Protein chains: 4
Amino acid sequence: MATGVWLAGGRGSVAVTSIVGAAAIRAGLADPTGCVTELEQLRSPALPALGDLVFGGHDPATTRLCKKAEALAAAGVVPARLVEAVRDELAAVEPEIRPVPVAATQLESAALIAEDIAAFRFRHSLERVVVVNVSSTEAAPAPHPAHADADALRQALGEPGAVLPPSSLYAYAAFVSGCSYIDFTPSTGARLPALDALAHRHAVPYAGHDGKTGETLVKSVLAPMFAMRNLRVRTWSGTNLLGGGDGANLADPGANAAKATSKQRVLGETLGYEPQGNTRIEYVDDIGDFKTAWDLITFSGFLGTSMRMEFTWHGCDSALAAPLVLDLARLTAAAHRSGRSGPLTELAFFFKDPLGGAPGPAGGVPHALAEQWAMLASFVRGLADA
Amino acid sequence: MATGVWLAGGRGSVAVTSIVGAAAIRAGLADPTGCVTELEQLRSPALPALGDLVFGGHDPATTRLCKKAEALAAAGVVPARLVEAVRDELAAVEPEIRPVPVAATQLESAALIAEDIAAFRFRHSLERVVVVNVSSTEAAPAPHPAHADADALRQALGEPGAVLPPSSLYAYAAFVSGCSYIDFTPSTGARLPALDALAHRHAVPYAGHDGKTGETLVKSVLAPMFAMRNLRVRTWSGTNLLGGGDGANLADPGANAAKATSKQRVLGETLGYEPQGNTRIEYVDDIGDFKTAWDLITFSGFLGTSMRMEFTWHGCDSALAAPLVLDLARLTAAAHRSGRSGPLTELAFFFKDPLGGAPGPAGGVPHALAEQWAMLASFVRGLADA
Amino acid sequence: MATGVWLAGGRGSVAVTSIVGAAAIRAGLADPTGCVTELEQLRSPALPALGDLVFGGHDPATTRLCKKAEALAAAGVVPARLVEAVRDELAAVEPEIRPVPVAATQLESAALIAEDIAAFRFRHSLERVVVVNVSSTEAAPAPHPAHADADALRQALGEPGAVLPPSSLYAYAAFVSGCSYIDFTPSTGARLPALDALAHRHAVPYAGHDGKTGETLVKSVLAPMFAMRNLRVRTWSGTNLLGGGDGANLADPGANAAKATSKQRVLGETLGYEPQGNTRIEYVDDIGDFKTAWDLITFSGFLGTSMRMEFTWHGCDSALAAPLVLDLARLTAAAHRSGRSGPLTELAFFFKDPLGGAPGPAGGVPHALAEQWAMLASFVRGLADA
Amino acid sequence: MATGVWLAGGRGSVAVTSIVGAAAIRAGLADPTGCVTELEQLRSPALPALGDLVFGGHDPATTRLCKKAEALAAAGVVPARLVEAVRDELAAVEPEIRPVPVAATQLESAALIAEDIAAFRFRHSLERVVVVNVSSTEAAPAPHPAHADADALRQALGEPGAVLPPSSLYAYAAFVSGCSYIDFTPSTGARLPALDALAHRHAVPYAGHDGKTGETLVKSVLAPMFAMRNLRVRTWSGTNLLGGGDGANLADPGANAAKATSKQRVLGETLGYEPQGNTRIEYVDDIGDFKTAWDLITFSGFLGTSMRMEFTWHGCDSALAAPLVLDLARLTAAAHRSGRSGPLTELAFFFKDPLGGAPGPAGGVPHALAEQWAMLASFVRGLADA
Ligand SMILES: NC(=O)c1ccc[n+]([C@@H]2O[C@H](COP(=O)([O-])OP(=O)(O)OC[C@H]3O[C@@H](n4cnc5c(N)ncnc54)[C@H](O)[C@@H]3O)[C@@H](O)[C@H]2O)c1
Ligand SMILES: NC(=O)c1ccc[n+]([C@@H]2O[C@H](COP(=O)([O-])OP(=O)(O)OC[C@H]3O[C@@H](n4cnc5c(N)ncnc54)[C@H](O)[C@@H]3O)[C@@H](O)[C@H]2O)c1
Ligand SMILES: NC(=O)c1ccc[n+]([C@@H]2O[C@H](COP(=O)([O-])OP(=O)(O)OC[C@H]3O[C@@H](n4cnc5c(N)ncnc54)[C@H](O)[C@@H]3O)[C@@H](O)[C@H]2O)c1
Ligand SMILES: NC(=O)c1ccc[n+]([C@@H]2O[C@H](COP(=O)([O-])OP(=O)(O)OC[C@H]3O[C@@H](n4cnc5c(N)ncnc54)[C@H](O)[C@@H]3O)[C@@H](O)[C@H]2O)c1
Ligand code: NA
Ligand code: NA
């Protein structure tokens, strides 16, 4: 089941950690800690093996993969000895991470992206390719009428000017190439009616949005705890300090806003009301890849008694994200193989801002981690049965 | 469905907070925050209403209920205005909390306990009575051969000397009186083969052990989070600072050990291995009823990267416990009514050290809060159907 | 030594906590915890006694003092029993807190302020009056040429329009009335060359700026610790969550900026360089008067090893501020009596943003708490000798 | 001013970090962050230069220095590149760290220790030698009458059996060899009347006890802060989680008790009363050399209002200790040179449990860091003048 993983943002921290890790696990040098599809309850022959994954991608950056991997080792994200050990594998992937094609119109750019993916697929005799967006977070794009309709979109892309943000152009290129698509970022990605229609038309599935790796992961178990105990959350205020490439990018107000919105959704949808307080992201260069998040939660209990909880999370973002990228690639490829198309709402477990509406009588996607887990487990069982 | 709640430890903090709260909610002066049986998903006509509960109990202490309630108000556990408002109800309960009967043999003591309960039941025309142990935590008792067999136990109780710790004597008296029994403490309670046999013989259910109100509650959602994400917890070390009556009692090494054991069980059983680190309880008079717990968790993720999380929980123990006592009384009474007898393993949601074996292929009781919740919800639905 | 304390903002939290506290201590119902002039090392006959203080002031709010005091008691800032006990004293102060005079020109407004103070002084046969600004934080005013010169200022005030922000108008009125002035807020107050000249001309002292009560207090001992140990602070990032009247006011970006600037000065001036990171103030209504601040400090030590410290401060702002207001009034009155005029840089111990330049070869005011304390102690000794 | 630094425990973490660091700084590969004698305010020509220090010592362990240094690099205590760079210097020190001599009586052992030191001194033409105890913490020894008198001690040492714990035997050997002595540990060291007499007799100075590197350092600035503000500390409860060699050793109850006592002294002596709460040390292997300490402080302010502060300290113990060992060696050697003998109470800045009595009217040693700093600075100035 040779499966291509085409990484938009292939020279970034998450991408390179994923590539190093997959190679190290394949070589038996590391165990698959952090990969949920390697848990006994989720392991399935329906998924391509970790060893079946072949990496390629696009990135405007030109840092060589082994240089980036060394930088990640220096920052404590991956062990230096593993980087040494997989040097050959990184050299093999090196030419597969290509510059971002730029043409006169976005339609031509998309065509060049599709060509790169097709050549990659042919070169490695891949059964299928999953396009994964792990590129820098974008600001929300200006609305455009062509976002609503697949044919209007094609038309508009053919004219000069930017109709789609990069994340969505990758989704467009993926769909028209018959590839599934995952958005690991808070960017727009496939979340436009025109793109959703296109995914259905080309019978490919897609997943997203925004990998859930730190503070929001904790929220997705603590908020249900308060709800299950009928305790009233009054304030939930969070501060995220982070450096690294993603941190620098999030210092931009537009990107920051996109991210902060992703991060708060879990509260309203799990609790059924909005507590006071915001989530803030602050860029602190010195913090590097190890994010520190602090959250204060005040709540009232029986007869109104005030109580409080606070937590500090000190996690390595890329190390938390990378195994999920591998999981998502395997799950989405298997879903594609089994004939699924359109949004994979069952993968909510992985995302801060999962595809699918708010939970309610008419369905919707749960935000409590345990419910998301149950949904994921049944999804995996369904793949095996298919 | 007038239902008696007979509180062993009826003048303690948990007991009095429960009595004040039930009265205040009944009077429409407070909403039932903290009561899980008042959540939409669990509300059921099979349960006695909060207004159906009638309180009595035993306690060697002689502090009047209204004095204790005022002390709780001064400590910020309950609002002073509510204590004022339910003064008459407290006065009505006052004579129902009786001194602990002491006789020449434990058998005679048990008979006197049973008489007190019977008189209470008759006085208030109660449909049934639930005995709830909220008395001071005991040290583990010395083993005794009569603990293994109901008939040998009766025999041994008739001789001078202490065969059972107080918590178990209350269970004995409850069962022979046809009453159900809940142990909200880490004490032995009904956890002896002889008492289990007796519960079945008298067709009454029982529940326990040790109300889950603070640090362990948080553990029961965070430990599954790490497990679901295939992250390896390396250290989990906790410090609990608490004052109040329970804190003073736990300063005793025997009681402390019983409690600390209760509190760690969730980790091993949820993670499948024992992380390093202990849970410590320290008595600090000045902290009073507002416990502060601090936990440090170190874990490793993808490729072995080390990360950490810490949390501080600042909760009012009695305010967290009291609504659960009301919930448990209602659920246990309804289970009794529906014909259940023996251990109510479905109530694991409420306990640090729930009845039922470790989870495994042969069943066992889950320690993850979300699974316990699902079990509880189906239990409540089952009651309604019965 | 009957001494008037004229509070601009006399119906606010800090003011009313000060009034209640002074009355309670005078009546022997509370001890002077939090008052530094009551420490053995600083007690001095040169200071007016706590019992010598008489309160009056201006405030546009009309809430009665006893209502405000009850609200403070409900919020846990002051004990309810003390509010009960000093009801008569509050009633006596009630008419002394007067509406803010507004006239056609600021000069006329200042004249009315001066009249109110003069009448207060006469009514109570006060030896002298200290004007203390504890009113809402203002945004920084637009620069005006008349700020540079006392005579130009008087001229400009006589014309319509606002030349001075309220805090500075109080300073103007104080100085021309022969009263000393303290700015407990980050507002402009007396920090204008024209006002400094006026203080010298009328031979009155002044003090400020911005009472140091929480996170900045902790910074003023931790930053010197890092400096004395030759450890390099890399990041210092703070989050302050606060509610209450002051919190609501600080939600205004202008006021927030004034405050955040005050709060960071200690770092640069103690360490000799600016670490990364900011201080943020977030308004969270539910937090009320009990501010929660969280600070993360990362630092490097021997051979560059990275380490970190974090702290959470959960303090009641008004309870921390009020005793300092009493201290400052006593100290400033004594300084006035002893013949001091102009800025009292020796009172830096009390302020986030103390009067006086950065420390350097040419002098300047220290930001390390221990040095500020030594300066304060010698100031007090000096008063006694005078 | 070639100066010998003879390390009892020369193959331990603190010792090897000191040796690596001194070599790296000498070679211009690292700056002297963490060394307080390199601060502008304390730099003095009276001190031997860092480059003047020559290392030797005793240790029963046989791990080679470069292996230990590599282990420290792997644990993140020192940078791997520095260990590489100073490999030759480590090889040069290697033969100077000798096995601990053991003979029939302690007197003969002391003679062998003294011989090793003398040979080291001769080999390197050292002007003087400072013996520094950085060996494992001992339990408190049994009292012995000979501890009180220098001559009785010599007599008793000549008989079989252990009269002195190892730390004190090193002090004995140091003093009779005319060497100064520093105890960086909580062990007994020179704190016996007989040894003090001996130091005076041989005209050598000594310093101690127990390097102040983490939680106690923070206490020594926070406790004075509360005192200076007249705030009443009610609870101060600390938890220290640590691994590494020292952590394993402190898991022993005797050693743990010695350390915990050192750590609390600052509170009583700075505040003037003992707050509630204890300090606990827990060994957690996984934590390694990066200790995590959590402290909760509750305090009351004006009118009794309750407030709280908590802090987490995440420091690398050996990296904090090593520069202080270098500072102490330089300061003690200079003191010796200037003619000082007996206890160097002016070095309290460096110690948890400094030599010298409680502060009081009759003098005594301060525990507030800023006062200790002032004392240290004047001590250094005094050396220069001498
Ligand atoms: N690390 C996490 O825990 C985590 C969690 C959730 C989401 N994310 C998201 O994943 C993304 C990647 O994070 P990262 O830490 O690897 O960031 P990074 O800055 O290290 O990498 C982003 C890469 O994208 C490249 N890029 C920029 N524009 C591009 C374009 N138009 N086409 C292709 N590549 C482009 C950049 O050159 C860079 O190499 C971010 O959007 C981040 O928000 C990360
Ligand atoms: N508060 C919580 O969050 C919580 C959570 C779990 C378990 N618990 C357990 O609940 C129990 C009660 O806690 P609390 O805070 O109310 O303690 P408490 O000390 O305020 O009350 C205990 C009461 O039990 C009484 N008592 C002692 N021996 C007795 C006996 N033989 N028979 C009857 N009464 C007796 C005491 O006189 C006292 O009034 C404790 O065992 C505690 O461990 C409490
Ligand atoms: N509480 C603290 O720890 C602390 C510390 C440092 C500084 N401060 C400063 O002290 C001030 C008061 O704080 P607070 O918590 O009492 O706030 P508050 O909002 O409770 O009180 C401010 C009072 O000022 C009044 N006011 C507004 N404009 C006025 C004017 N022009 N003239 C006179 N009064 C006016 C308001 O009506 C209000 O009653 C704020 O500026 C705050 O930043 C407080
Ligand atoms: N690291 C810190 O921050 C810090 C702070 C204060 C005090 N200390 C103290 O410094 C000492 C050393 O700490 P460490 O982390 O280097 O510990 P470590 O365990 O790494 O080193 C101690 C060394 O002492 C050796 N040793 C044991 N018995 C000996 C003896 N009789 N003679 C000579 N050597 C002997 C051991 O073999 C070991 O190599 C401990 O007592 C510790 O409590 C350390
Ligand atoms: Na904290
Ligand atoms: Na913390």
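Quick caveat: nothing in here was measured; it's all calculated off a predicted structure.

Reading the values: rules and limits
- Counting starts from 1 at the beginning of each chain's written sequence and moves along it residue by residue.
- Chain letters start at A and ligand numbers start at 1, both assigned in the order the entries are written.
- In view of the model being predicted, local features appear only for residues whose pLDDT reaches at least 70, and side-chain atom pairs are presented and counted only at 80 or more, with totals across whole chains, interfaces and linings using the full set of residues.
- Side-chain metrics rest on all non-hydrogen atoms present in the structure, leaving aside hydrogens and water.
- Each helix corresponds to a stretch of at least 4 residues labelled H or I by DSSP, and each strand to a stretch of at least 2 residues labelled E; elements are numbered beginning at the N terminus.
- Two things to know: the radius of gyration comes from C-alpha atoms, and the globule rule equals 2.2 Å times the number of residues to the power 0.38.
- In this scheme, a residue with accessible area under 20% of its type's maximum is buried, one over 50% is exposed, and one in between is partly exposed, where area comes from a 1.4 Å probe on protein chains only.
- Should any heavy atoms of two residues lie within 4.5 Å, those residues are counted as being in contact.
- Identification of polar contacts relies on pairs of N or O atoms within 3.5 Å, with a donor-acceptor requirement for protein atoms, meaning one able to donate a hydrogen and the other able to accept it, and with residues adjacent in sequence counted only if both atoms are side-chain atoms.
- Note that Gly is not counted as nonpolar here; it falls among the polar residues with everything else outside the nonpolar set of Ala, Val, Leu, Ile, Met, Phe, Trp, Tyr, Cys and Pro and the charged set of Asp, Glu, Lys and Arg.
- Every angle, taken between N-to-C directions, lies between 0 and 180 degrees, and every axis is a line fitted to C-alpha atoms, over only the stretch in contact when it is a helix.
- Left-handed is the label given to a crossing in which the near helix is rotated counterclockwise from the far helix by less than a right angle, and right-handed is the label when the rotation is clockwise.
- Domain borders in the structure are assigned automatically or taken from a domain database.
- The term buried area means the drop in 1.4 Å probe accessible area that two parts suffer when joined, counted for both and summed.
- The salt bridge criterion pairs a side-chain nitrogen of Lys or Arg with a carboxyl oxygen of Asp or Glu, the two atoms within 4 Å.
- A score between 0 and 100, pLDDT records how confident the predictor is in each residue.
- Superposing copies: least-squares fit, C-alpha atoms only, residues required to have pLDDT of at least 70 in both.
- A pair of strands is labelled paired if DSSP reports no fewer than 2 bridges between them.
- A helix is expected to span 1.5 Å multiplied by its residue count minus one.

**Some details on the overall build of chain A**
Step number 1: Counting its secondary structure elements, chain A contains 13 helices and 11 strands.
Step number 2: Its C-alpha atoms give chain A a radius of gyration of 20 Å, near enough to 21 Å, the size a compact globule of 386 residues would have.
Step number 3: Once the C-alpha set of chain A is aligned to its principal axes, its extents read approximately 65 × 50 × 45 Å.
Step number 4: Counting across all 386 residues of chain A, residues that qualify as buried make up 64%.
Step number 5: A sequence separation of at least 24 residues applies to 76% of the contacts in chain A between residues at least 6 apart.

**Concerning the interface of chain C and chain D**
Step number 1: On the side of chain D, 61 residues touch chain C, which itself brings 62 residues to the contact.
Step number 2: Counting across the chain C and chain D interface gives 16 residue pairs in polar contact (both at pLDDT 80 or more).
Step number 3: Looking at the side of chain C that touches chain D, the elements that each hand over two or more residues are α1 (13–26), α9 (215–228), β9 (290–300), β10 (306–316), α12 (317–337) and α13 (369–385) of chain C.
Step number 4: Among the elements that make up the side of chain C that touches chain D, the one with the highest residue count is β10 of chain C (11 residues).
Step number 5: Taken together, the residues that form the side of chain C that touches chain D break down as 42 nonpolar, 14 polar and six charged.

**Here we look at the packing of helix α1 (residues 13–26) of chain D against helix α12 (residues 317–337) of chain D**
When two helices pack together, their arrangement is captured by the angle between the axes and the distance separating the axes.
Residue and element names in this part refer to chain D.
Step number 1: Contact geometry for α1 and α12: axes closest at 8 Å, N-to-C directions at 65 degrees. As for the relative orientation of α1 and α12, their crossing is right-handed in sense. From α1, Ser-13, Val-14, Thr-17, Ser-18 and Ala-22 reach across to α12, where they touch Ser-318, Ala-319, Ala-321, Ala-322, Val-325 and Leu-326.
Step number 2: Across the contact of α1 with α12, the residue classes tally to seven nonpolar, four polar and no charged.

**What to know about unusual backbone geometry**
Residues and elements named next belong to chain C.
Step number 1: Of the consecutive residues Gly-208 and His-209, the connecting peptide bond is found in the cis state with omega at 5 degrees.
Step number 2: Relative to the helices and strands, His-209 is located in the loop between β6 (205–208) and α9.
Step number 3: The backbone of Ser-125 sits at a positive phi, close to 50 degrees, despite the residue not being glycine.
Step number 4: Turning to its location among the elements, Ser-125 is positioned in the loop between α5 (106–123) and β4 (128–133).

**A short note on the domain arrangement of chain A**
All names here are of chain A.
Step number 1: Partitioning chain A into structural domains gives domain 1 (3–211 + 319–385) and domain 2 (215–316).
Step number 2: In this structure, domain 1 and domain 2 have C-alpha centres spaced 25 Å apart.
Step number 3: Listed as interface residues are 23 residues of domain 1 and, on the opposing side, 23 residues of domain 2.
Step number 4: By the criterion of area lost to domain 2, the three top residues of domain 1 are Thr-137, Lys-352 and His-367, representing 33% of everything that side buries.
Step number 5: Between domain 1 and domain 2 we count one salt bridge in total.
Step number 6: Between Asp-353 and Arg-265 there is a salt bridge whose closest N-O contact spans 2.5 Å.
Step number 7: Connecting domain 1 to domain 2 are seven residue pairs in polar contact (both at pLDDT 80 or more).
Step number 8: Among the residues forming the side of domain 1 that touches domain 2, the class breakdown is 12 nonpolar, seven polar and four charged.

**A few points about the confidence of the model for chain A**
Low pLDDT means the predicted atomic positions in that stretch should not be read closely.
Step number 1: On average, residues of chain A score 93 in pLDDT, and 97% of them are at 70 or above.
Step number 2: Model confidence for the complex: the whole-complex pTM is 0.93, and ipTM, which rates the interface, is 0.93.

**Digging into the relation of the copies chain C and chain D**
Step number 1: For these two chains of identical sequence, chain C goes onto chain D by a turn of 180 degrees and a shift of 0.0 Å along the axis, with RMSD 0.0 Å. Between the two chains, the operation in question is that of a two-fold axis. Proximity to the rotation axis, assessed at the C-alpha, singles out Phe-311 of chain C in chain C; its C-alpha lies 2.0 Å from the axis.

**What about the sheet that holds strand β7 (residues 232–242) of chain C?**
Step number 1: As summarised here, the arrangement of the eight strands in space is β8(C)-β7(C)-β9(C)-β10(C)-β10(D)-β9(D)-β7(D)-β8(D), forming an open sheet in which the pairing is mixed. Edge strands, defined here as strands with exactly one partner in the open sheet, are β8 (279–283) of chain C together with β8 (279–283) of chain D. Looking at each pair of strands side by side, their axes are set apart by 10 degrees on average, direction ignored.
Step number 2: Relative to strand β10 (residues 306–316) of chain D, strand β9 (residues 290–300) of chain D runs antiparallel, the two being bridged by 11 bridges. Looking across to β10 of chain D, one finds that Asp-295 of chain D is bridged to Phe-311 of chain D.

**Details of helix α9 (residues 215–228) of chain D**
Residues and elements named next belong to chain D.
Step number 1: Between its terminal C-alpha atoms α9 stretches 20 Å, which fits the 20 Å expected from 14 residues at 1.5 Å a residue.
Step number 2: Among the 14 residues that make up α9, 13 are buried, leaving the element largely enclosed by the rest of the structure.
Step number 3: Once α9 finishes, Asn-230 follows within two positions and takes phi at roughly 60 degrees, a positive value.

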